[in-house]
Structure formats: structure tokens, C-alpha cells
Amino acid sequence: MDFGFSSVDDEFRVEVRDWLAAHAPQACDRRSWERALGAAGWIGLGWPEGGYGNRTGSLTQQVAWAEEYARSGAPPRSGHIGENLLAPTLLAHGTDEQKARFLPPVAAGDEMWCQGYSEPGAGSDLAGVRTRAEPAPDGRSYRVTGQKIWTSLAHEADWCFVLARTDPHSRRHHGLTFLLVPMDQPGRIEVRPIRQLTGTSDFNEVFFDGAHARVEHVVGAPGEGWRVAMSLLGFERGVSTLAQQIGFAQELGRVVHAAVETGAAGDPVVRERLVRLWAELRTMRWNALRTLGGTGGPGAPSVAKLLWAGWHQRLGEVAVQVRGAAASVGPYDWTPAAPYELDDAQHLFLFSRADTIYGGSDQIQRTIIAERVLGLPRQPKG
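A. Inspection of the nonpolar core at higher detail. Ranked by size, the top nonpolar core spans 41 residues in total, and within it Trp-42, Trp-65, Trp-113, Phe-161 and Leu-180 carry the most contacts. Mapped by element, the contributors of at least two residues to this core are α1 (7–23), α2 (30–39), α3 (59–72), α4 (80–93), α5 (96–108), β4 (159–165), β5 (176–182) and α6 (225–233). No other element matches the six residues that α4 contributes to this core. When near neighbours in sequence (up to four residues on either side) are disregarded, Trp-113 contacts Ile-81, Gly-82, Leu-86, Phe-102, Val-106, Ala-157, Trp-159, Cys-160, Phe-161 and Leu-180. Ala-264, Leu-315, Ala-319 and Ala-345 belong to the second-largest nonpolar core, a separate cluster that totals 20 residues.

Following this line, the structure appears as C-alpha cells:
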């Protein structure tokens, strides 16, 4: 496949760069920023369908957008779960009514989503779902009861797509249903932020106590949730990985600069680690280009996750190594109002410890590759 950019793509890139330069500095909070992106049509470039208030772009234009966004220093996205996970799932499995109801607010940046998959005691074992959904007496809704954990941005979300067990007698991946659940249900849904090593709380616990979900908001059909859930996981690849690598390259550049400033670059072992990180990042880029458009086979997302998660952890380790003893001291003096301040290198080191866990642990990714790609015997389940 030819990944060269045409003159039309170059014009598109200039338009993106100019728009971001004009609007990103004015962003005051993440939700208003999502609405600004939506008003300009930038949300949903990668959707195979238009008409929901979104532009559609070619694969190369999607790459240009993602790369320019990463380079611009624009605010972190809070709408990416709705745009990149829910929307492709609805376009593949949803009804016309579901697409008409949910895709325009996503494209406008008006409704934020979170993902209700992982559960305590199950972790990356998605088939270990214990959250249940029981039909209400009126037959027009389900009542969802259970707990989800490590739910990104649940404290900001308007909706959650939830994998729940609707057949109480089923086991593992059978009898699961994919439900769209409104988060504004006081007394029925409680969100508790989880404080991380970095002092921030991007992940949350979510408790459902008879939460309401309408039957017309079942995606696929009752009992088909596993098929829908697996389809959704396949969308986490390609263009987003390339944008992520732009951020990785910027982080690597800062680490190299710190190594030169501290004199750590004079250590041949440090130089070898930095060169290896640079070479591995280039390899990840070529692998991402190779698999754009889903051409990498069923194991491509797992291979990509294994590559970047370990790489990012090693970068965090080098980031504090080149700082020496200074890496153990915070950037500001301790105060009661700000007792937990970190600089960029410290944040990178601590947050990247989670990279090999969230989104499917390294062990889960290796199992997927072994069973689904290499055809090895399935791991016994208890």
C-alpha cells in the first residue's frame, strides 16, 4: 500500500494546522473544546459514513489530522471513546434509530461516553462479567446491577456502553448483552474516582444499583454482547497509534535533551538505551503504517499494544535515570494545597507503569496472539 500524501492531503494538512493554531490556545476546558471540534466537523473523520454533522476523510487525511493534532499541543481529548469506539460499533451493529440518536451528539461534542467493561476480580478477563441486567416488569427496559472498574473518564461521561449478563444461567462469553446506559441516574449510578500513583484520577469505579437502560438501546441483540464487544476492541488500532507515536517522539526528544543537559549522555550505556528507543519507535511507526486499514491480521492490535506499552515503560525508566538524584525530588516545595506535584519525567515514569495493564494486559495480548493467530491450544479456564 502506498502511504504517500497527495497535494490534496497537503492542503488538508495546512487547513488542519491553521485551524488548530487559531483555536487550540483558546480552549478553556475539555468539554467546550470538544464542542469547538464538533462545530468545525473534525469529530468523526474516520467514520465510513457522513451526514451526522461530521466530515469524512481519506485514510491519509486521517493520519494528517492525527499527526497535526499531536504536534499542536492541543488539549487531551475527552470525546475519543465516543468517536473512536462507540461510533464505529454503532455503524457496524446499530440500528438506524440508534445511529440517528447517538452519532450526531458525538459528532457535535455534546455527549461524552465511557466504557463499562473491566470488573473487580476479572481485570482483563472480559468474559468474567458478573454485572447483570434484568428485564423490568414493563418489558421496556433493563435494570443493571454490578460494578465496573478502571472506567476512563466516567466522572465526565453522559453515557456508558456496558457489557452485562442478561442470562443468569450463562457462563463466560455466553449470555452477555451490550447496553447503552445514561449516567445521570442519581441513587442508581455512583462514580468513585481512583487516585493513581501520579496523584490524578482519570480512572473510576462505577457502581450500578438497578440503573435503567431502555430495550431499544441494546446494540446487536440480547445475548450477542460478546460479538459486539469483540468487534469494538478491533477498532483500537491504526491512525490513533500513529498519533500516539508523535507524542512518544516528543517525549523521547525531551528525555534526550535532559540527558545532554545533565551530562548523562556521556555514559555509553545511556546512549545505547536512547538509540535503541529511537530505533524501536521508528519500527513501531512502520508497523502501524503496515497495518493501517486493518491489513495486519487478527493479531495486529495485540502486537501493537505489546510494542508500545513496553517501549513507553522503558522510556519512563530512562527519563528518571538521566535526571539522577534530582529525579527523586518534586519540582516545587511541599505545601498543604499542593502536596503531590510531579514534573514531566516523574509523571511519565509513574503513569507508564499502567501501560502494560490497561486496555488488556500484556499477558492477555500474548494469549490472544497464541490462540487466535498461532493456533496454539487454548489456555484452560477455571
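There's more to say after this.
B. Structural view of the pairing of strand β1 (residues 113–116). Because side chains alternate across β1, one face comprises the buried residues Trp-113 and Gln-115, and the other comprises Cys-114 and Gly-116, equally buried. Sheet topology places β1 next to β4; four bridges connect them, and they run parallel. Paired with Gln-115 across the two strands is Phe-161, which belongs to β4.

C. Summary view of the layout of surface pockets. In this model, the second largest pocket occupies a volume close to 170 Å³. Mapped by element, the contributors of at least two residues to the lining of the second largest pocket are α3, α7 (239–262) and α8 (268–291). Here the lining of the second largest pocket is composed, by residue class, of five nonpolar, one polar and four charged.

D. Expanded view of the packing of helix α9 (residues 300–321) against helix α10 (residues 344–351). Close contact between α9 and α10 brings their axes to 8 Å; oriented N to C, the two are set at 140°. For the pair α9 and α10, the crossing hand works out as left-handed. Contacts between α9 and α10 pair His-312, Leu-315, Gly-316, Glu-317, Ala-319 and Val-320 from the former with Ala-345, Leu-348 and Phe-349 from the latter. Here the contact of α9 with α10 is composed, by residue class, of six nonpolar, two polar and one charged.

E. Spotlight on the packing of α8 against α9. Closest axis-to-axis distance for the α8/α9 pair is 10 Å, and the angle between their directions is 155°. Between α8 and α9, the angle is such that the two are roughly antiparallel. You can see that α8 and α9 cross each other, and the crossing is left-handed. Packed against α8, whose contacting residues are Val-270, Arg-273, Leu-274, Leu-277, Glu-280, Leu-281, Met-284, Asn-287 and Thr-291, the element α9 presents Ala-300, Val-303, Leu-307, Trp-308, Trp-311, Arg-314, Leu-315, Glu-317, Val-318 and Gln-321 at the interface.

F. Just the confidence of the model for the protein chain, in detail. Averaged over all residues, the pLDDT of the protein chain equals 86, while 94% of them reach at least 70. Across the protein chain, α5 holds the top mean pLDDT of 95, while α6 sits lowest at 80.

Calculation criteria
- Residues numbered from 1 in each chain as written.
- Predicted model: local features only at pLDDT ≥ 70, side-chain atom pairs only at ≥ 80, totals over all residues.
- Heavy atoms only, no water.
- Core = buried A, V, L, I, M, F, W, Y, C linked by side-chain atoms within 4.5 Å.
- Buried < 20%, exposed > 50% of the residue type's maximum accessible area, 1.4 Å probe, protein only.
- Helix = DSSP H or I, 4+ residues; strand = E, 2+ residues; numbered from the N terminus.
- Contact = heavy atoms within 4.5 Å.
- Pairing = 2+ DSSP bridges.
- 1 Å grid on protein atoms, 1.4 Å probe; cavity = no way out; pocket = protein on both sides within 12 Å on 5 of 7 lines; lining within 4 Å.
- Points joined across faces, edges and corners; volume = space filled by probe spheres on them.
- Nonpolar A, V, L, I, M, F, W, Y, C, P; charged D, E, K, R; others polar.
- Axes fitted to C-alpha atoms, helices over the stretch in contact; angles between N-to-C directions.
- Left-handed = near helix turned anticlockwise from the far one by under 90°.
- Parallel < 35°, antiparallel > 145°, perpendicular 65-115°, else oblique.
- pLDDT = per-residue confidence, 0-100.

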